[in-house]
Amino acid sequence: MAIAKARIKVPKSVAKGEIFQVKTLISHKMETGLRKDKKTGEKIPRMILNRFVCKYNGEEVFACDWSTPISANPYTAFYLKASESGTLDFIWTDDEGSVFEKSADIMVT
Amino acid sequence: MKKTHQGLLAAVGMAIGVTAFATASPAQDMDWGAYQVEDRRSGYTYAKAETRAIQDDDFGNPAMIRVDSGEALWNKVDGEAGKSCADCHGDAAESMRGVATSYPKFDGALGKLKNIEQQINYCRTERMEAKEWKYESSPLLSMTVYVRHQSRGMPINVAIDGPAAPFFEKGKAFYNQRRGLLDMSCANCHVDNAGGIIRANTLSQGQTTGFPVYRLKWQKVGSTHRRFRGCNKQVRSTPYAYSSDEYVNLELFVAWRGRGLLVETPAIRN
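Keep in mind the model is a prediction, meaning the values are calculated, not measured. (Residues numbered from 1 in each chain as written. Chains lettered and ligands numbered in written order. Predicted model: local features only at pLDDT ≥ 70, side-chain atom pairs only at ≥ 80, totals over all residues. Heavy atoms only, no water.)

Participant: Which residues make up the overall build of chain A, and what values do they have?
Facilitator: The number of helices and strands found in chain A is zero helices and eight strands. Starting at the N terminus, the α and β elements of chain A follow one another as β-β-β-β-β-β-β-β. Dimensions of chain A along its principal axes, counting C-alpha atoms only, are 60 × 20 × 20 Å. Counting only residues that meet the buried cut, chain A has 40% of its 109 residues in that class. Considering only contacts in chain A between residues 6 or more positions apart, those separated by 24 or more positions represent 58%. When the accessible area of chain A is evaluated, it comes to approximately 6,400 Å², of which 50% is carbon and sulfur surface. Both charge centroids of chain A, one from 17 positive and one from 14 negative side chains, sit 8 Å from each other. (Helix = DSSP H or I, 4+ residues; strand = E, 2+ residues; numbered from the N terminus. Buried < 20%, exposed > 50% of the residue type's maximum accessible area, 1.4 Å probe, protein only. Contact = heavy atoms within 4.5 Å. Areas by Shrake-Rupley, 256 points an atom, 1.4 Å probe, with all protein chains shown as cover. Lys, Arg positive; Asp, Glu negative; His and termini not counted. Charge placed at Lys NZ, Arg CZ, Asp CG, Glu CD.)

What follows is the structure, given as C-alpha cells:
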C-alpha cells in the first residue's frame, strides 16, 4: 500500500451563502503506466489516484475522475457554498484500492 | 534572383535572433529584490511565472509535504540509543536556524568537508545508533528539506578560508574543468550562458539556494548531487557517486557562488 500525505485548506468559518475556496494537495507518485522499467524493459503498471471526492455532511458536493496525465502530488482547488455548519470529508482512491481520507470542520455564521 | 532570396532569408534569420534576444532581456531588467545580490541571481528569477507562483504559495508547493514529513521524522525515536533528533537538538526552528547558510563546512574529525545530508547520517549512526539513510532516499530528502527550511530567508554565508580553502579550490577546479564527450564545464553554461536558452530550457546561474528542490521534471524533490549527476550525464561524462568528495567540494564552491542569496528551500524549478 502506498503512503500518501494530504494537506487541505478550508476557512474555519464562513458567512451563510458565501462562496469559499477549498485547496487540497496530496502526495502520490502517480505512476502513469506508460513508463518502462529501464533494466527489464517491462511496463510499470499504472498506479494513480483515479478518483477524488469531497463530501459535505455525507453528501457528495465535488468529485472528479483523474486519469494518466495528472501530475504527481496533485493539487486541486475548487469552490463551495455552505448553508449550514458541518464536516467536509476529502476522499482519494487509487488504482490499488487504497483510500486516503482527511476531513475538516466548517462553521457557518 | 536566387541571391536576393538568400539575402532575404538571412535578414529574416537576423530578425528572429533579435526578437529572441529582446524577449529574454526584460527579465534581466526586472527588480528581483532579495532574489538578486549584485550580479548573482537565484534560479527563481529564471523560472517561469507559473513556476514561481507555485513556490510563492506555501500551500500549493508540493515540497512542503516534505517539510511536514521531515518534522515527523525529527520527533521520531529511532536506533539503539532510543533517541530522536529532537532529544538532542530540541526545537528545530531554533537549533537548526541558520544551519543551511554555512554548509558544506569543514569537519576536523573527518579531515574533509561535510554536507547536511552527511551530517544527518553522522548523527544517525554515531548519536542515535540507527541505520544510516541511503543518499537520495525519501527520509533523507525529507529531513534535509526540513533542516534547510529552518534557514529560509537567511543569506548564504559559507566559509571558504582556513581548512576549507583547499577543498574550495578543488570545487572551483571541478567547476571550470571541461568534461565529457561534449567537452563542457559547469561554467560554460552557468557562467557564460546564464539566461540563454539550452534547447527549450532557460539556463540559470546554477545556484543551490533552493535545494533540495522540487523539480517539475522529476515530479519530486531531489538533492544537489542528483542535479550534479544530471548535468554531468548531459555533457556525456560519467557522473560521480552520490555523497562523493568531488560533489561535496563542488557543493561548497556553488554555495559560495550564491553568497548573500537567501535560502529558499524548498524551491520549485522546472
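Participant: Go over the interface of chain A and chain B with me, naming the residues and quoting the values.
Facilitator: Contact with chain A, which involves 13 residues of that partner, is made by twelve residues of chain B. Inspection of the chain A/chain B interface yields two salt bridges. The salt bridge partner of R7 of chain A is D68 of chain B, with a shortest N-O separation of 3.3 Å. Between chain A and chain B we count six residue pairs in polar contact (both at pLDDT 80 or more) in total. Of all elements in the fold, only β1 (6–9) and β3 (19–26) of chain A reach the threshold of two or more residues within the side of chain A that touches chain B. Taken together, the residues that form the side of chain A that touches chain B break down as five nonpolar, four polar and four charged. (Salt bridge = Lys/Arg side-chain N within 4 Å of Asp/Glu carboxyl O. Polar contact = N/O pair within 3.5 Å; in protein donor to acceptor, adjacent residues only side chain to side chain. Nonpolar A, V, L, I, M, F, W, Y, C, P; charged D, E, K, R; others polar.)

Participant: Which residues make up the packing of aromatic side chains, and what values do they have?
Facilitator: Ring pairs (aromatic) are described by centroid distance and by the angle formed between their planes. Within this structure, the stated rule accounts for 20 aromatic pairs over all chains. On the numbers, 5.5 Å between centres and 50° between planes, the contact of F168 of chain B with F253 of chain B is tilted. Taken together, the residues F168 of chain B in helix α9 (residues 165–176) and F253 of chain B in helix α12 (residues 245–257) connect sequence positions 85 residues apart. Through pairs of rings, three or more aromatic residues link up here, namely F52, F62, W66, F78, F90 and W92 of chain A. Above the ring of Y44 of chain B, the side-chain terminus of R52 of chain B is found at 5.9 Å from the ring centroid. Sitting above the plane of the Y122 of chain B ring, K114 of chain B keeps its charged end 4.0 Å from the centroid. (Phe/Tyr/Trp six-rings, centres within 6.5 Å; stacked < 30°, edge-to-face > 60°. Lys NZ or Arg CZ within 6 Å of the ring centre and 35° of its normal.)

Participant: How would you explain the nonpolar core if you had to name every residue and give the values?
Facilitator: Of all hydrophobic cores here, the largest spans 70 residues; its most connected members are F90 and W92 of chain A together with W74 and M143 of chain B. For this core, the leading source of residues is α12 of chain B, giving seven residues. Leaving out residues up to four positions away in the same chain, W92 of chain A has contacts with A6, I8, T24, I26, L49, R51, F52, W66, S98, V99, F100 and K102 of chain A. (Core = buried A, V, L, I, M, F, W, Y, C linked by side-chain atoms within 4.5 Å.)

Participant: Provide a residue-level description of the sheet that holds β1 of chain A, including the pertinent values.
Facilitator: All names here are of chain A. One open sheet accounts for three strands, arranged β1-β3-β6; its pairing is antiparallel. The outermost strands of the open sheet, each flanked by one partner alone, are β1 and β6 (75–81). Neighbouring strand axes in the sheet, compared pairwise and without regard to direction, differ in orientation by 20° on average. Two elements, β1 and β3, share four bridges in a ladder whose sense is antiparallel. Its bridge partner being in β3, A6 is matched across the sheet by I26. (Pairing = 2+ DSSP bridges. Axes fitted to C-alpha atoms, helices over the stretch in contact; angles between N-to-C directions.)

Participant: Go over the confidence of the model for chain B, please, and point to the residues and values.
Facilitator: Residues and elements named next belong to chain B. Of the residues in chain B, 89% reach a pLDDT of 70 or more, and the chain-wide mean stands at 87. Overall, residues 1–26 carries pLDDT values under 50, and its contacts beyond four positions in sequence, including any with other chains, amount to zero contacts. For this predicted complex, the interface confidence score (ipTM) comes to 0.74, while the overall pTM stands at 0.83. (pLDDT = per-residue confidence, 0-100.)

Participant: How would you sum up the pairing of strand β8 (residues 99–108) of chain A? Please name residues and give values.
Facilitator: Residues and elements named next belong to chain A. In this structure, strand β2 (residues 13–14) lies alongside β8, joined through two bridges in parallel fashion. Opposite S13, over in β8, you have M107 as the bridge partner. As paired strands, strand β7 (residues 86–94) and β8 are joined by eight bridges and run antiparallel to one another. Counted as the bridge partner of T93 is V99 from β8. Hairpin remark: β7 followed by β8, antiparallel, with four residues in the connecting loop; positive phi at G97, about 90°.

Participant: Run through the packing of helix α11 (residues 224–234) of chain B against α12 of chain B, naming residues and quoting values.
Facilitator: Residues and elements named next belong to chain B. One way to put it is that α11 packs onto α12 with a least axis distance of 10 Å and a crossing angle of 100°. In terms of orientation, α11 and α12 fall into the roughly perpendicular class. The segment α11 lies against α12, with T224, H225, F228, R229 and N232 engaging Y247, V248, L250, E251 and V254. The class makeup of the residues in the contact of α11 with α12 is five nonpolar, three polar and two charged. (Parallel < 35°, antiparallel > 145°, perpendicular 65-115°, else oblique.)

Participant: So what's going on with the pattern of salt bridges? Residues and values would help.
Facilitator: By the definition in use, this model includes twelve salt bridges over all chains. Here D57 of chain B ties to K23 of chain A by a salt bridge, and the two come within 3.5 Å at their closest N and O atoms. Of this pair, D57 of chain B sits in the loop between α2 (49–56) and α3 (64–74) while K23 of chain A is found in strand β3, placing the two residues in two different chains. With a closest N to O distance of 2.8 Å, D107 of chain B and K114 of chain B form a salt bridge. Like K114 of chain B, D107 of chain B is buried.

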